[in-house]
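Spelled out from the first residue to the last, the chains are:
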Amino acid sequence: MKGVILAGGLGTRLQPMTRFLNKHLLPVGPNPMIHYALSKLAESGIDDILLVCGKKSAGLFIDYIGSGREWDVRVSFTVQEEAGGIAHALALAEGFVQPDEKFIVLLGDNLFEDSLADEFARFRQRPEKAHVFLKEVDDPRRFGVPVLDGTRIVRIEEKPEQPQSSYCVTGIYMYDADVFDVIRSIRPSARGELEITDVNNAYAASGMLSYSILRGWWLDAGTHHSLWEASRRMAKGEME
């Protein structure tokens, strides 16, 4: 079973620390941030992982991860030459995924408590082609916010001024291989990037987007405060 970790980007919210080092290599407790994404996929039974990273720190990722033996997985690497958005990074995984496969995608700065194993097993048996994980948060205006109609996501609104729910869409996704065709169908946003929200909204419009809700803690460790909070939790042993 396959998983993709997206660990590129410029890490602008974490400057000046990220001027010379990719944010996913910053320490969180005793380990670099990327360690936990690998651990979560391995815990979920994913044994074949593609890491998409920027070229600035590619060698450091390889030095730390190697073949993936420490996590009892196989890790391969590909480089995103320029920051073009999450969907642009995901498109680089097309040759890694077989046409009939479903797979997990993690943003490498998402740290969380829940196991993904059961949800992935269910997703592999369901007809939906895409699945997102939601988390209730205090300020959903900072995130992509789902508009819900019962058990269905109608659409996802990116950083809305007036959120229609208290949930955000986390950086944990599941797709089938059709996602690469969907990425080809979207256009760059106003900031010139291919947005994963546009990908997910295409699935929502076709009724093929399912969701579940994270029950444990979740952090987007992309800011100074959330990085500190993640380190505090790891120091308390809340995730190995």
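Presented here is a report on the structure given in the accompanying data block. Every value quoted in this text rests on a predicted model; they were computed, and no experiment measured them.

Re helix H4 (residues 117-125)
Consideration 1: Every buried residue of H4 is accounted for by Glu119, Phe120 and Phe123. The buried residues of H4 all sit within an arc of 100° when viewed along its axis, so they share a single face. Counted as exposed and oriented over 90 degrees from the buried face of H4: Asp118 and Gln125.
Consideration 2: Here the buried face of H4 lies against strand E6 (102-107), strand E8 (130-136), strand E11 (167-176) and strand E12 (209-213).

Regarding the sheet that holds E8
Consideration 1: With mixed pairing, the 7 strands of this open sheet are ordered in space as E5-E4-E1-E6-E11-E8-E12. Each of the sheet's edge strands pairs with one partner strand only, and the pair in question is strand E5 (74-80) and E12. For this sheet, the mean angle separating the axes of adjacent strands, direction not counted, is 25°.
Consideration 2: Here 6 bridges tie strand E1 (residues 2-7) to strand E4 (residues 48-54), and the two strands are oriented parallel to one another. Bridge pairing links Gly3 to Ile49 in E4.
Consideration 3: Against the sheet, helix H6 (residues 196-205) touches E8, E11 and E12, its axis set at about 70° to E11.

As for the nonpolar core
Consideration 1: Formed by 34 residues in total, the largest nonpolar core has its most connected members in Val4, Leu90, Phe103, Tyr175, Val179 and Val199.
Consideration 2: In this structure, Phe103 is in contact with Lys2, Val4, Leu90, Val97, Phe120, Tyr173, Met174, Tyr175, Asp176, Ala177, Val179 and Phe180, ignoring residues within four places of it in sequence.
Consideration 3: In terms of nonpolar packing, the next biggest core, distinct from the first, is built from 31 residues, Leu38, Trp71, Val73 and Val137 among them.

Some thoughts on the pairing of E8
Note on strand geometry: in a regular strand, side chains alternate between the two faces of the sheet.
Consideration 1: Counting buried positions along E8 gives 6 out of 7 residues, so the element sits mostly inside the fold.
Consideration 2: Pairing geometry for E8 and E12, over 5 bridges, is parallel. Opposite Ala130, over in E12, you have Leu209 as the bridge partner.

Notes on the packing of aromatic side chains
Consideration 1: Counted under the stated rule, the structure contains 6 aromatic pairs.
Consideration 2: Geometrically, the ring pair formed by Phe103 and Tyr175 is tilted, given 6.5 Å between the ring centres and 50° between the ring planes. Of this pair, Phe103 sits in strand E6 while Tyr175 sits in strand E11, placing them 72 residues apart in sequence. Accessibility classification places Phe103 together with Tyr175 in one group, the buried group.
Consideration 3: An aromatic cluster of three or more residues is present, and its members are Phe103, Tyr173, Tyr175, Phe180 and Tyr203.
Consideration 4: The aromatic ring of Phe96 is capped on one face by Lys2, whose charged end is 4.9 Å from the ring centroid.
Consideration 5: A cation over an aromatic ring shows up here: Lys102 above the ring of Phe123, its NZ or CZ 4.2 Å from the ring centre.

Conventions used here
Residues numbered from 1 in each chain as written. Predicted model: local features only at pLDDT ≥ 70, side-chain atom pairs only at ≥ 80, totals over all residues. Heavy atoms only, no water. Buried < 20%, exposed > 50% of the residue type's maximum accessible area, 1.4 Å probe, protein only. Helix = DSSP H or I, 4+ residues; strand = E, 2+ residues; numbered from the N terminus. Arc of directions from axis to C-beta. Contact = heavy atoms within 4.5 Å. Pairing = 2+ DSSP bridges. Axes fitted to C-alpha atoms, helices over the stretch in contact; angles between N-to-C directions. Core = buried A, V, L, I, M, F, W, Y, C linked by side-chain atoms within 4.5 Å. Phe/Tyr/Trp six-rings, centres within 6.5 Å; stacked < 30°, edge-to-face > 60°. Lys NZ or Arg CZ within 6 Å of the ring centre and 35° of its normal.

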